[in-house]
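Per-entry structural report
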Amino acid sequence: MRIFPKLTLNQWTIAIYIIINIGLYYAKFQSIITLSYLVLLLGFLNNLVRQHKCFNKNFIFATVFFLFYCFISVIWAESSLYAKNNVTVLLKTVLPTIILVSLIHSKTDFKIALKSFAFASFLYSLLFIPLVDISELQDARITEAIESDEFVPNVNVISMCSSFACMLFAFYGMSEKKIYQFIIAIVSFIITVILGSRKSLLAIFVFLAILFYKSKSKNKSKLIGYLTFAIIAMIIVVPKEYLEFIVERFNVFQFFISGDTSVIDESDNNRIDMLKHGMMYFLDRPILGNGFMNFAVRFFDDGYMLTYSHNNFIELLSGLGVFGFIIYYIPYYLIFKNIKRGKSNKWLVLIGALLIAVLFNSFFIVFITTRFMWFLVAILYAGSRYCKYDISVFE
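Residues numbered from 1 in each chain as written. Predicted model: local features only at pLDDT ≥ 70, side-chain atom pairs only at ≥ 80, totals over all residues. Heavy atoms only, no water.

1. Some remarks on the side chain of asparagine 56
- Note on placement: asparagine 56 falls in the loop between α2 (30-51) and α3 (57-72).
- According to the relative accessible area criterion, asparagine 56 is buried, its value standing at 2%.
- Sequence-distant contacts of asparagine 56, defined by excluding residues within four places in its chain, comprise Val101, Ile104, Tyr381, Ala382, Arg385 and Tyr386. (Helix = DSSP H or I, 4+ residues; strand = E, 2+ residues; numbered from the N terminus. Buried < 20%, exposed > 50% of the residue type's maximum accessible area, 1.4 Å probe, protein only. Contact = heavy atoms within 4.5 Å.)

2. Focus on the environment of valine 94
- Counting through the fold element by element, valine 94 comes out in helix α4 (residues 80-103).
- For valine 94, a relative accessible area of 0% gives the class buried.
- In this structure the C-alpha to C-alpha distance between valine 94 and tryptophan 374, which are 280 residues apart in sequence, comes to 7.4 Å.
- Here valine 94 is in contact with Thr63, Leu67 and Trp374, once residues within four sequence places are set aside.

3. Thoughts on helix α14 (residues 312-328)
- Compared with an ideal rise of 1.5 Å per residue, which puts 17 residues at 24 Å, α14 spans 11 Å between its outermost C-alpha atoms and falls more than 12% short.
- Approximately 125 degrees is the largest bend angle found in α14, and it occurs at leucine 320.
- Taken across its 17 residues, α14 has 13 buried, putting it largely inside the fold.
- Where α14 begins, the capping side chain belongs to asparagine 311, and its oxygen is found 2.9 Å from the backbone nitrogen of phenylalanine 313. (Expected span 1.5 Å × (residues − 1). Bend = angle between axes of the 7 residues up to and from the residue. Polar contact = N/O pair within 3.5 Å; in protein donor to acceptor, adjacent residues only side chain to side chain.)

4. Considerations on the side chain of threonine 93
- Structurally, threonine 93 is set in helix α4.
- The contact partners of threonine 93, leaving out residues within four places of it in the chain, are Thr369, Thr370, Arg371, Trp374 and Phe375.

5. Description of a nonpolar patch on the surface
- A cluster of nonpolar residues, Phe61, Phe65, Phe68, Ile287, Leu288 and Phe323, forms a patch on the protein surface that exposes about 620 Å² of accessible area.
- By the secondary structure assignment, phenylalanine 323 is in helix α14. (Patch = residues over 30% accessible without salt bridge, like charges linked within 9 Å, V, L, I, M, F, W, Y side chains within 5 Å. Areas by Shrake-Rupley, 256 points an atom, 1.4 Å probe, with all protein chains shown as cover. Salt bridge = Lys/Arg side-chain N within 4 Å of Asp/Glu carboxyl O.)

6. Points about the packing of aromatic side chains
- What the rule picks out here adds up to 33 aromatic pairs.
- Where tyrosine 17 meets tyrosine 37, the ring centres are 5.9 Å apart and the plane angle is 65 degrees; that geometry is what we call edge-to-face. Pair noted here: tyrosine 17 is in helix α1 (residues 9-23) and tyrosine 37 is in helix α2, with a separation of 20 residues, a long-range link.
- Residue tyrosine 17 is classed as buried on the basis of its relative accessible area of 0%.
- The class of tyrosine 37 is partly exposed, set by a relative accessible area of 32%.
- Following the ring pairs from residue to residue traces out a cluster consisting of Phe66, Phe292, Phe313, Phe325, Tyr328, Tyr329, Tyr332, Phe360, Phe363, Phe364 and Trp374.
- Taking the ring centre of tyrosine 25 as reference, the NZ or CZ of arginine 371 above it sits at 3.5 Å. (Phe/Tyr/Trp six-rings, centres within 6.5 Å; stacked < 30°, edge-to-face > 60°. Lys NZ or Arg CZ within 6 Å of the ring centre and 35° of its normal.)

7. Some points on unusual backbone geometry
- Positive phi values are uncommon outside glycine, yet lysine 177 reaches one of about 60 degrees.
- Relative accessible area serves as the criterion here: at 44%, lysine 177 is assigned to the partly exposed category.

8. Here's the deal with the nonpolar core
- Phe66 and Leu114 are the most contacted members of the largest nonpolar core, which has 121 residues in total.
- At 15 residues, the largest contribution of residues to this core is made by helix α6 (residues 155-176).
- Apart from the residues lying within four places of it in its own chain, the contact partners of phenylalanine 66 are Leu90, Phe292, Leu316, Leu320, Gly324, Ile327, Tyr328, Ile368 and Trp374. (Core = buried A, V, L, I, M, F, W, Y, C linked by side-chain atoms within 4.5 Å.)

9. Some remarks on the environment of alanine 113
- Within the element layout of this structure, alanine 113 appears in helix α5 (residues 107-128).
- For the pair alanine 113 and isoleucine 19, spaced 94 residues apart in the sequence, the C-alpha separation amounts to 9.4 Å.
- In contact with alanine 113, not counting residues within four places along its chain, are Ile14, Ile18, Ile104 and Ile379.

10. Some details on the packing of α5 against helix α16 (residues 346-361)
- Remark: α5 packs on α16, axes separated minimally by 13 Å, with the N-to-C direction vectors making an angle of 45 degrees. As far as their axial angle goes, α16 and α5 are oblique. Here the hand of the crossing between α5 and α16 comes out left-handed. On α16, the residues that touch Phe110, Lys111 and Leu114 of α5 are Trp347, Leu350, Ile351 and Leu354.
- Looking at side-chain class alone, the contact of α5 with α16 contains 6 nonpolar, no polar and 1 charged residues. (Axes fitted to C-alpha atoms, helices over the stretch in contact; angles between N-to-C directions. Parallel < 35°, antiparallel > 145°, perpendicular 65-115°, else oblique. Left-handed = near helix turned anticlockwise from the far one by under 90°. Nonpolar A, V, L, I, M, F, W, Y, C, P; charged D, E, K, R; others polar.)

Structure (structure tokens):
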């Protein structure tokens with residue numbers, strides 16, 4: 001069974017780098033991760049020599065512009081040191097993203113990058129499962145201290161990976177009709193449930209709703225069938241007590257309907273406080289903001305813990321103001337623009353659905369410096385360019 005077609009050297013570089021730098025991004029693989037950077041650099045140099053030009057310049061320009069703006073925001077930041085440290089983290093994410101997107105210069109390159117991303121996301125979340133004890137509820141379900149492994153990320157980031165793996169393999173299963181792809185999609189769905197992330201579960205259903213709307217009746221029946229099978233598998237695999245805990249976490253929606261704060265837990269109350277404070281910080285400095293990622297500094301000064309806002313929009317607005325917010329979302333605008341101008345096909349449907357899922361996640365988590373999301377948006381941008389005139393239909 002051939003997962004990838006015959007690859008060029010450039011495509012091998014893309015696949016190897018993505019699979020290692022996302023799928024194996026744990027401390028125990030540090031030597032392999034370091035090697036992947038060398039592979040990426042050599043691939044970039046080889047591409048530069050052969051092609052004599054840089055591809056996806058608009059994405060690269062917008063990304064560099066955003067990085068530069070974040071850097072100069074250190075000047076007026078509430079805490080220059082805090083802003084500078086986060087700009088350094090952003091730089092370590094953005095540079096590989098720029099190199100990676102410059103290697104994607106055809107429709108085939110995009111498809112290889114996206115499929116590599118799908119496998120890497122699944123692998124990354126799968127390797128995290130030993131850290132989860134589903135016999136425990138709430139935060140105790142994460143059994144290994146993060147301090148023991150600097151590359152063990154936030155559980156919300158892991159759940160994003162598993163949810164996007166589920167989305168992509170659901171699409172591949174419907175498009176390429178291979179049973180192993182549906183199996184991976186179902187396993188990814190169960191992993192997302194085990195991780196207990198509401199936003200990731202909802203993002204999956206938002207994505208599937210778009211696919212359902214865009215697909216023909218035959219595929220709609222298949223999608224319903226496989227989703228039903230995934231839910232049955234989840235009920236069988238996941239203990240009843242844990243499922244009840246997950247269902248209880250969705251009580252927050254009663255708050256939006258009734259306004260009754262008794263139905264939400266302490267974590268949700270904290271997030272509501274963060275949103276209110278974030279809007280207040282934004283209104284204090286609406287144009288330039290309080291400095292890159294400086295929501296945490298102001299929140300701490302107001303007597304709370306030093307933490308991000310749990311909302312990508314609020315984090316951008318409070319930290320970088322309207323100006324920085326617009327710059328950050330330029331690549332998203334360019335993707336939607338390419339989709340609108342392109343010929344309707346299955347790849348543009350997929351790209352649009354994935355980008356909507358990314359935006360949905362933006363309401364619940366901050367990923368301004370997260371490698372995973374930068375890679376995904378870069379791949380989607382390249383795909384929106386090279387698949388504009390693809391003739392494949394979404395059946």
